[in-house]
Amino acid sequence: MEENKKKKILYKISRILKCKLETLSNLSDEQVFYINFYCLRSSFLDACPGSGKTEVLSLKCCLEVLKWRKNSSGIALLTFTKSAASELTSRIGKFNTTISYPHFVGTFDSWLHAYILQPYCHDLVGYGGKNGDKSIRIIEDDKNAYFLANYSSIISYKGKTLGIRVTQYHFTSDWKEVYSYDEKFDVIVKSVSEKDFNQLKEQKLKFIKDGFATYTDAECLCENILTRFSFVKRLLAKRFPVIYIDECQDLSEFQLRIIEGLQDEGVLIHCVGDPNQAIYKFRKVDPSKFLNFVSQSGLQILKLSNNYRSNQAIVSICRELINSRKEIVACRSMPSHPATILWEYTENDFGDLPKRFSEFLTANDLDVNKSAILARGKNTLSYFNGYSENYNLNNAELLLQGLVLWTNPSRRTEDLDSALQLIGRALCNLGFGGLGNRRNQFCPDGIRRIIWRNQIAILANQLKKHCPLVDGEQPLKWSQWIKLLKIAVREYWSKFKYSTTTYEEIKLKLRVPNNCGEVLVTTTSSRRRHKNSSLRATTIHSVKGETLDAVLLVSHRNKSSKGGHHSDWIEGGSRDEEHVRFAYVACSRPKHLLVLATPKLRQVELANLIKLGFQTV
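Computed from a predicted model, the values in this text were never measured in an experiment. (Residues numbered from 1 in each chain as written. Predicted model: local features only at pLDDT ≥ 70, side-chain atom pairs only at ≥ 80, totals over all residues. Heavy atoms only, no water.)

### With respect to the environment of threonine 167
Stated formally: Each helix is a run of DSSP H or I of at least 4 residues and each strand a run of E of at least 2, with the numbering of both proceeding from the N terminus.
With respect to the helices, strands and loops of the structure, threonine 167 is situated in the loop between strand S6 (160-164) and strand S7 (170-171). On a C-alpha basis, the gap between threonine 167 and aspartate 217 in space is 9.0 Å, while along the polypeptide they are 50 residues apart.

Take a look at the structure:
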C-alpha cells in the first residue's frame, strides 16, 4: 500500500472514530486494508497467530457501527465464548463506542437462541409452555438431573442392555442419523437396531416437545426452523444484513448451514479466523467444510500475515508443522537464548520437567507466571499438577490440599481439576480401597463419572463448611483440625450411598500426619503445595487464544495417548490433521521460548525434530 494512500485512509478512520491519528499509526498495511474494506462484500480474513486479529476486528466493527444509518436493522458480531465476546466489547469501548440496539455482540449460541430458537421453536415442536412461558430450557450434555430419567432409552449392544440418557446423543437435521460426541457412545448409537434407533428418536422428540434441548439440539432446531419457516430466514436477514464471525474455524456443521441459508437471503458474511487452529473435532467441527464454504460462497480472502507475538524461530516451526506455504513474518526479535529447544526425558526424570523448566525460565529472565506447561490431555498433566508431589500424602492431607485449592478465591481451571483429583483420591481410598480410575478423579467401577464428580463436589463443599483452617484469626493445629474433619466426613458419609464401608471403618483412615499434631495446618498446606505452584500446567484447549512468554509442550510417554505423543504431530509419524492442529495451537502461544519435551528418541525421530527447527541443548 502506498504511504500517501495509507495516511489518507488512517486520517479518515481517525475522524470517524474521533481518536488521535497516532493511535492508529502502528497498524500494518494488511490491517489498514481490512479495516477499510467495503463491508458490503462478504469476506474471510485469514489471520495467522499473533496477528492482532481481535484488535483489528474490534476496530472494523467499531467503524462500521459508527457509519451505520439504519434504525431497524444492524450488525451482528458473533464469537464462541462469553469471555471472547466480553473482550471484543471491551476493545470496542476503548474508542468510546458501545454496541447496542439495533446491533448485537455476543456468542453464536446466544444469538441463535434469542432470534430463532426461543421465538419460534414452540411452534415447530408443538410445545405449549408452562404458565404462559414457551421458552425452551437448555440442558447441558453432562447434566444428570433426576427428571432426565423420563427420557432415557434402554438399548441392546453386543448382547448387553445399556441405558442411554437423552443428552448423550444427537440427530442430524433430517433425523436419519444419530451420533454422540462421546466416542464410546458414538460407536454404540451408530450400530443400534432399527427398533432401538426409533426408541432413541422417540425419546429425543419427547424431550424436545416437553420444552428441553441440549445446545446441539438447539442448533439442529434452529436449522429446522429456518428450513420449515422461510419467513423467519427472511426476517432475520432483514434484521441483521451484515454478520461478523470471530474464530470462524469453530463453526459447527449446523452453524455453517444456517450461515449459508442466511447468505442465500442476501446477508453479508464476514469471517475472521485461522482454520489451522480448529481443535473441536469432538463437536463435529471440520475446517475443510468451512474452507469449502469460503470457496463456494465466493468470500473474498484477505490476510493478516504479520505475527506480532512470536519470534522467527517459533513462527518457522509453526509453519513447518502444518506444511504451510504462506509467508508469515515474525515481528518480535530473537532472544539471546535459544528460542526452540528439544528436551528428552526418561521415566526417572519425567517428574522433574517442571523444575527444570522453571529453572531455565529464571536463568533467562522469563516470567514463570506468564509461562505454562502444555499437554494434549489431562493424563499427562496429572504428574505436574501436584498429584505426583502428593503421592505419599495420607487421606487427611489429601483432603486438606483439595480443600485449599477448592476454596482459593482466585482458583484457575487447573486448580479446580487438582482439587477434584485430590479429594476424589481420598474418597476412593476411604470407601473403595483405592481402586479407582486415576484418569477420572479415581472414579470406582460401577459409578458413573458424572455422579462421582458430583459426590466429590458435595464432599468439597462439606469440608468448606465445617473445616476452616483458622479459628477467628488463630490458625488451627492438626490435632484440632482433624476433629473438624472427622465431623464433616461423618455427616457426609451418613448420606453417601455408593459404598458399603461404614464410617466407623473409615474414621481410622483419617489421621494426623506423623509428628504433626502441634503443627499448624496452614503451614502444612503451604509446604505441601508443589514446588512449581506458580507455573501453570494445563491442556492445549484451555490456552487457545492466549499469549504466553514461554511454553513447555510435553509429549506423552508412549503412543497410547490419542494425539498426545510427538509422533502424532510431525512428518514421518502417524499424523492426523487435528492432532497436528493441536500442536500448532500449542507452539504458536509463546513469545520468546518454545520447549518440546519427548521421551527418548530414535535417531530418525531426533532428525525429524531437528529438521523441524528444534535445537538440543
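### As for the sheet that holds strand S21 (residues 590-599)
To be explicit about the condition: Paired strands are those between which DSSP finds at least two bridges. Whether two residues are in contact is decided by their heavy atoms: any pair within 4.5 Å suffices. Angles run from 0 to 180 degrees between N-to-C directions of axes, and those axes are lines fitted to C-alpha atoms, restricted for helices to the stretch in contact.
On the basis of which strands lie adjacent, the open sheet formed by 6 strands has the order S19-S16-S20-S21-S15-S22 and parallel pairing. Bordering the open sheet on either side are strand S19 (536-539) and strand S22 (615-616), each of which pairs with just one other strand. Set on the sheet, helix H13 (residues 353-363) makes contact with strand S15 (340-345), strand S16 (371-375), strand S20 (548-554) and S21; between it and S15 the angle comes to about 150°.

### So, the sheet that holds strand S11 (residues 268-273)
Taken in spatial order, the 6 strands of this open sheet run S3-S2-S10-S11-S1-S12, and their pairing is parallel. Pairing within the sheet leaves two strands with one partner each, and these edge strands are strand S3 (104-107) and strand S12 (300-304). Each strand axis lies, on average, 15° off the axis of its neighbour in the sheet, ignoring direction. Note: strand S10 (residues 242-246) against S11, 5 bridges, orientation parallel. Bridge pairing in S11 places isoleucine 243 opposite isoleucine 269. Here helix H3 (residues 53-67) sits on the sheet in contact with strand S1 (43-47), strand S2 (75-79), S10, S11 and S12, set at roughly 165° to S10. Contacts between helix H5 (residues 108-125) and the sheet are confined to S2, S3 and S10, with S3 contributing the most and set at about 115° to the helix.

### Observations regarding the confidence of the model for the protein
The test is simple: Confidence per residue, as judged by the predictor, is encoded in pLDDT with a range of 0 to 100.
This prediction gives the protein a mean pLDDT of 89; 95% of its residues lie at or above 70. In the predicted structure, residues 386-391 sits below a pLDDT of 50 and forms 16 contacts with residues beyond four places in sequence or in another chain. Predicted confidence for residues 527-533 stays below pLDDT 50, and this span has 14 contacts to residues more than four positions away or in other chains.

### As for the nonpolar core
To keep things clear, this is the line we draw: Residue types Ala, Val, Leu, Ile, Met, Phe, Trp, Tyr and Cys, when buried and joined through side-chain atoms within 4.5 Å, form a set referred to as a nonpolar core. Buried means the residue's accessible area, taken with a 1.4 Å probe over protein chains only, is under 20% of the maximum for its type, while exposed means over 50%, and partly exposed covers the values in between.
Core analysis: the biggest nonpolar cluster contains 60 residues, and Trp111, Ile243, Ile245, Cys271, Phe290 and Phe293 have the highest contact counts within it. Considering each element in turn, this core owes the most residues, 9 residues, to H5. Beyond its immediate stretch of four places on either side in the chain, phenylalanine 290 contacts Phe44, Cys248, Leu251, Leu256, Cys271 and Pro275. Of all hydrophobic cores here, the second largest spans 45 residues; its members include Trp406, Ile451, Cys467 and Trp478.

### Examining the UniProt feature "binding site: ATP" (unreviewed entry) in the protein
Our working definition: UniProt positions are given in the numbering used here, feature names are shortened, and annotations may be inferred rather than shown by experiment.
As annotated by UniProt and renumbered to match this structure, "binding site: ATP" (unreviewed entry) occupies Ala47, Cys48, Pro49, Gly50, Ser51, Gly52, Lys53 and Thr54. Summarising the element assignment, alanine 47 is placed in strand S1. Once you skip the residues sitting within four places of it in the chain, alanine 47 turns out to touch Lys53, Gly273, Asp274 and Leu304. In this fold, serine 51 is placed in the loop between S1 and H3. The residues touching serine 51, leaving out its near neighbours within four places in the chain, are Gln31, Leu304, Asn306 and Tyr308.

### Side note on the state of the cysteines
Heads up, the condition is: Disulfides are defined in this document as cysteine sulfur pairs within 2.5 Å.
In this structure the tally under the stated criterion is 0 disulfides. Not engaged in a disulfide, the cysteine cysteine 271 finds its nearest cysteine sulfur in cysteine 248; these two sulfurs lie 4.7 Å apart. In this structure cysteine 443 is a free cysteine whose sulfur lies 8.5 Å from that of cysteine 428, the closest cysteine sulfur available.

### Details of helix H21 (residues 577-587)
Counting buried positions along H21 gives 10 out of 11 residues, so the element sits mostly inside the fold. Among all positions in H21, only Glu578, His579, Val580, Arg581, Phe582, Ala583, Tyr584, Val585, Ala586 and Cys587 are buried. If you follow the buried residues of H21, they end up packed against helix H11 (287-297), helix H12 (312-321), S16, S20 and S21.

### Some thoughts on H11
Selection rule: Arc definition: directions from the helix axis to the C-beta atoms.
Looking at H11, one finds that the buried residues are Pro287, Phe290, Phe293 and Val294. Summarising the axial view, the buried residues of H11 lie within an arc of 110°, below the 170-degree limit, and thus occupy one face. Opposite the buried face of H11, by more than 90 degrees, sit the exposed residues Ser295 and Gln296. The inward-facing, buried residues of H11 abut S1, helix H10 (253-264), S11, S12 and H21. Downstream of H11 by a residue or two, glycine 298 has a phi angle that is positive, lying close to 70°.

### Some thoughts on the packing of helix H8 (residues 215-228) against H10
Convention followed: Here is the rule for angles: anything less than 35 degrees is roughly parallel, anything more than 145 is roughly antiparallel, 65 through 115 is roughly perpendicular, and the remaining ranges are oblique. Helix crossings get a hand from a simple test, with the near helix turned counterclockwise from the far one by less than a right angle marking a left-handed crossing and a clockwise turn marking a right-handed one. We call Asp, Glu, Lys and Arg charged. Ala, Val, Leu, Ile, Met, Phe, Trp, Tyr, Cys and Pro are nonpolar, and the rest, Gly among them, are polar.
Taken N-terminus to C-terminus, the directions of H8 and H10 make an angle of 25°; their axes are 9 Å apart at the nearest point. If you check the angle between H8 and H10, you find them roughly parallel. Between H8 and H10 lies a crossing whose hand is left-handed. When H8 is examined against H10, the residues Thr216, Glu219, Cys220, Cys222, Glu223 and Leu226 are found in contact with a partner set consisting of Phe254, Gln255, Arg257 and Ile258. Looking at the contact of H8 with H10 residue by residue, the classes come out as 5 nonpolar, 2 polar and 3 charged.

### A short note on the pairing of S3
Direction of pairing for S2 relative to S3: parallel, over a ladder of 4 bridges. In the strand pairing of S3, alanine 76 is matched with phenylalanine 104.

### A few points about the packing of aromatic side chains
The description of an aromatic ring pair rests on the distance of the ring centres and on the angle between the ring planes. This is how the line gets drawn: Pairing of aromatic rings covers Phe, Tyr and the six-membered ring of Trp, with a centre-to-centre limit of 6.5 Å; geometry is then stacked below 30 degrees between planes, edge-to-face above 60, and tilted otherwise.
Applying the stated criterion across every chain, the model contains 27 aromatic pairs. Where phenylalanine 80 meets phenylalanine 108, the ring centres are 6.0 Å apart and the plane angle is 15°; that geometry is what we call stacked. Taken together, the residues phenylalanine 80 in the loop between S2 and helix H4 (82-93) and phenylalanine 108 in helix H5 connect sequence positions 28 residues apart. For phenylalanine 80, a relative accessible area of 23% corresponds to the partly exposed category. Given a relative accessible area of 1%, phenylalanine 108 falls into the buried group.

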